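Listed here are the chains, written in short residue letters.
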Amino acid sequence: MILMLVTASISLFMQAQLGTLFLGHFGYIHLLSFLTIYAVPVAYFSAKNGNIKRHKTSMVALYVGGMLVAGTFALLPGRLLHGWLFV
């Protein structure tokens, strides 16, 4: 979980290369970093306090965000992975 937080924090310093930019730096993909920075501590403290339902919800949100949303962004035209797989 610590590595997820570190990676999400570091990614906030990387400028978006495609799509609409917000504040001259952030793109839609940065929303996943903010989701991770919010959901990881919520999941940890929920599990620690015995609120398993909230922990499960946070973990499912992270999984869906990480696999489906990030995967979709990675496969968009103009991205490196799209070039490798479809061109």
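Above this text sits the structure in question.
Residues numbered from 1 in each chain as written. Predicted model: local features only at pLDDT ≥ 70, side-chain atom pairs only at ≥ 80, totals over all residues. Heavy atoms only, no water.

A. Expanded view of the overall build of the protein. The number of helices and strands found in the protein is 4 helices and 0 strands. Taken from the N to the C terminus, the helices and strands of the protein come in the order α-α-α-α. Judged by the C-alpha coordinates and their principal axes, the protein covers about 50 × 30 × 20 Å. Classification of the 87 residues of the protein by burial places 22% in the buried group. Looking at the protein as shown, the accessible area adds up to about 6400 Å², and 73% of this sits on carbon and sulfur atoms. (Helix = DSSP H or I, 4+ residues; strand = E, 2+ residues; numbered from the N terminus. Buried < 20%, exposed > 50% of the residue type's maximum accessible area, 1.4 Å probe, protein only. Areas by Shrake-Rupley, 256 points an atom, 1.4 Å probe, with all protein chains shown as cover.)

B. Fine view of the environment of Gln15. Examined against the element boundaries, Gln15 turns out to sit in the loop between α1 (2–11) and α2 (30–48). Those residues in contact with Gln15 that sit more than four places away from it in its chain are Leu21, Gly24, His25 and His30. (Contact = heavy atoms within 4.5 Å.)

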